[in-house]
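Fold and contact review
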Amino acid sequence: DTEVTQTPKHLVMGMTNKKSLKCEQHMGHRAMYWYKQKAKKPPELMFVYSYEKLSINESVPSRFSPECPNSSLLNLHLHALQPEDSALYLCASSQGGLALGYNEQFFGPGTRLTVL
Amino acid sequence: GESVGLHLPTLSVQEGDNSIINCAYSNSASDYFIWYKQESGKGPQFIIDIRSNMDKRQGQRVTVLLNKTVKHLSLQIAATQPGDSAVYFCAENMKGRGSTLGRLYFGRGTQLTVWP
């Protein structure tokens, strides 16, 4: 299995809702990432987990809460989002964790999030 | 902030021609670079990578050139095909100060359109 899967593909939520995005990989990768991508813009790093520990938080608002239950799964919990949070949320994984430096990341197809 | 940029936001080529997509980076501490292809509605797909101790790397129909003197990266696609139409991003792996952990930062992207 050489892919990263993400669910759901599309999500529409109100500003008072709580929802979660899910990501899964079975490549034995030890680093997993969340990115946010607005239309016609590059992906922007949000969070990095290395060996199931949160290693990098790029000053993301607390209404986004990541979770890594095990080495294959990564969640992003959403609460009290704003309309400007509407974007494509991409999950990625890489083999050796960040400490090894070289970092080919495999991306999932993303979840298209719309906040009303 | 964004340190990886692209000289041309759009590029149109005739099928069969060679394409060259350019990228400038500003962080001399970056030690690893990746080119990604992103088709509409999909996540970024790895194309080719290069480490900072190299100046050229070839793949199938693609070549990446790295000029560290002027902090410039390019992607050459030989015999461009309609299926190559996508947005192409360069990304640099930037190590944090005092840390072995890296971050992958994406450039703005170039929309490549291949005409039959």
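Please read all numbers here as calculations on a predicted model, not as lab measurements. (Residues numbered from 1 in each chain as written. Chains lettered and ligands numbered in written order. Predicted model: local features only at pLDDT ≥ 70, side-chain atom pairs only at ≥ 80, totals over all residues. Heavy atoms only, no water.)

Residues and elements named next belong to chain B. If you walk through the whole model with that rule in mind, you get 5 salt bridges over all chains. A salt bridge links Arg57 to Asp49; the shortest N-O distance between them is 2.2 Å. With a relative accessible area of 10%, Asp49 lands in the buried category. Residues Asp84 and Arg61 are paired through a salt bridge, measuring 2.9 Å at the closest nitrogen-oxygen approach. On the criterion of sequence distance, the pair formed by Asp84 in the loop between β8 (72-77) and β9 (86-95) and Arg61 in the loop between β6 (56-58) and β7 (62-67) is long-range, its members being 23 residues apart. Overall, Arg61 belongs to the partly exposed group, its relative accessible area being 30%. (Salt bridge = Lys/Arg side-chain N within 4 Å of Asp/Glu carboxyl O. Buried < 20%, exposed > 50% of the residue type's maximum accessible area, 1.4 Å probe, protein only. Helix = DSSP H or I, 4+ residues; strand = E, 2+ residues; numbered from the N terminus.)

Moving on to the packing of aromatic side chains. All names here are of chain B. Counted by the stated rule, this structure contains 10 aromatic pairs over all chains. Judged by centre distance (6.4 Å) and plane angle (85°), the ring pair of Tyr36 and Phe46 falls under edge-to-face. Remark: Phe46 occurs in strand β5 (residues 45-51) and Tyr36 occurs in strand β4 (residues 32-38); sequence separation between them is 10 residues. Looking at Tyr36, the relative accessible area reads 0%, which means it is buried. Taking relative accessible area as the criterion, Phe46 reaches 24% and is therefore assigned partly exposed. Taken together, a centroid distance of 6.0 Å and an interplanar angle of 85° make the contact between Phe89 and Phe106 edge-to-face. Here Phe89 is found in strand β9, whereas its partner Phe106 is found in strand β10 (residues 102-106), with 17 residues between them in sequence. (Phe/Tyr/Trp six-rings, centres within 6.5 Å; stacked < 30°, edge-to-face > 60°.)

Time to look at the layout of surface pockets. Where empty space is left can be seen by rolling a probe of water-molecule size over the atoms. For the second largest pocket, the calculated volume is near 280 Å³. Forming the boundary of the second largest pocket are 15 residues, of which Phe107 and Gly108 of chain A together with Gly43, Pro44 and Gln45 of chain B lie nearest the centre. Among the elements of the structure, β10 (106-107) of chain A together with β5 of chain B are those that each provide at least two residues to the lining of the second largest pocket. Residues that form the lining of the second largest pocket fall into these classes: 6 nonpolar, 5 polar and 4 charged. (1 Å grid on protein atoms, 1.4 Å probe; cavity = no way out; pocket = protein on both sides within 12 Å on 5 of 7 lines; lining within 4 Å. Points joined across faces, edges and corners; volume = space filled by probe spheres on them. Nonpolar A, V, L, I, M, F, W, Y, C, P; charged D, E, K, R; others polar.)

The next point concerns the interface of chain B and chain A. Across the boundary between the two partners, chain B contributes 24 residues, which contact 21 residues of chain A. In total, about 1,800 Å² of surface goes out of reach between chain B and chain A, with carbon and sulfur atoms giving 58% of it. Linking chain B with chain A are 4 residue pairs in polar contact (both at pLDDT 80 or more), by the criterion used here. No other element matches β10 of chain B, which puts 5 residues into the side of chain B that touches chain A. Partitioning the side of chain B that touches chain A into residue classes produces 10 nonpolar, 7 polar and 7 charged. (Contact = heavy atoms within 4.5 Å. Buried area = accessible area lost by both parts, 1.4 Å probe. Polar contact = N/O pair within 3.5 Å; in protein donor to acceptor, adjacent residues only side chain to side chain.)

Attention shifts here to the pairing of strand β11 (residues 110-115) of chain B. Put simply, side chains in a regular strand alternate between the two faces of the sheet. All names here are of chain B. Of the two faces of β11, the one holding Thr110, Leu112 and Val114 is buried and the one holding Gln111, Thr113 and Trp115 is not buried anywhere. Alignment of strand β2 (residues 10-14) against β11, held across 5 bridges, turns out to be parallel. Of the residues in β11, the one forming a bridge with Gln14 is Trp115. (Pairing = 2+ DSSP bridges.)

Another aspect to go through is the side chain of Gln25 of chain A. Residues and elements named next belong to chain A. Inspection of the secondary structure assignment puts Gln25 in strand β3 (residues 18-25). Among the polar contacts listed, one links the side chain of Gln25 to the backbone nitrogen of Gly28, at a separation of 3.4 Å. With residues up to four places along the chain from it excluded, the contact list for Gln25 reads Glu3, Val4, Met32, Ser71, Ser72 and Ser93.

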